[in-house]
Amino acid sequence: IAKPDTIPHEASHYVVNVLKKFGTKSSKKLIEDGIKMFGGHLKRRKGQTKEKFRERQEEELIKALGLYTAPKLKDFGVKSKQPLDFIQKQMFLEY
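Residues numbered from 1 in each chain as written. Predicted model: local features only at pLDDT ≥ 70, side-chain atom pairs only at ≥ 80, totals over all residues. Heavy atoms only, no water.

What follows is about helix α1 (residues 6-22). The first and last C-alpha atoms of α1 sit 24 Å apart over 17 residues, in line with the 24 Å expected at 1.5 Å per residue. Every buried residue belonging to α1 is among Ile7, Pro8, His9, Ser12 and Val16, and all of these are buried. (Helix = DSSP H or I, 4+ residues; strand = E, 2+ residues; numbered from the N terminus. Expected span 1.5 Å × (residues − 1). Buried < 20%, exposed > 50% of the residue type's maximum accessible area, 1.4 Å probe, protein only.)

Mean pLDDT over the protein works out to 83, with 76% of the residues at or above the 70 mark. When the elements of the protein are averaged for pLDDT, helix α4 (residues 84-94) gives the smallest value, 53, and helix α2 (residues 25-39) the largest, 95. (pLDDT = per-residue confidence, 0-100.)

This next bit is on the packing of α1 against helix α3 (residues 50-69). For the pair α1 and α3, interaxial distance at closest approach is 8 Å and the crossing angle is 130°. Classified by the angle their axes make, α1 and α3 are oblique. For the element pair α1 and α3, the recorded crossing hand is right-handed. Judged by residue contacts, Pro8, His9, Ser12, His13, Val16, Asn17 and Lys20 of α1 engage Glu58, Glu59, Leu61, Ile62, Lys63, Leu65, Gly66 and Thr69 from α3. (Axes fitted to C-alpha atoms, helices over the stretch in contact; angles between N-to-C directions. Parallel < 35°, antiparallel > 145°, perpendicular 65-115°, else oblique. Left-handed = near helix turned anticlockwise from the far one by under 90°. Contact = heavy atoms within 4.5 Å.)

Given below as structure tokens:
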């Protein structure tokens, strides 16, 4: 069974990737600011490449987005024990 923040977390991966690639200058800055805000506390591990370190920082932003948006699922009247596919259908039917 997926945790309540799984869907928002996974969706955030796509949103961040799309905004980094195709976003406006301000949306790209928003992503950068979010990475600094939520991943800025991390230290680069010994032997870790800059790219891997950046991925870790970005994952912190994505984790925060998932945790922030997970409570919004309650707006759909979804209980945490309902099947994941039901939650997905409800999310996309409502919008």
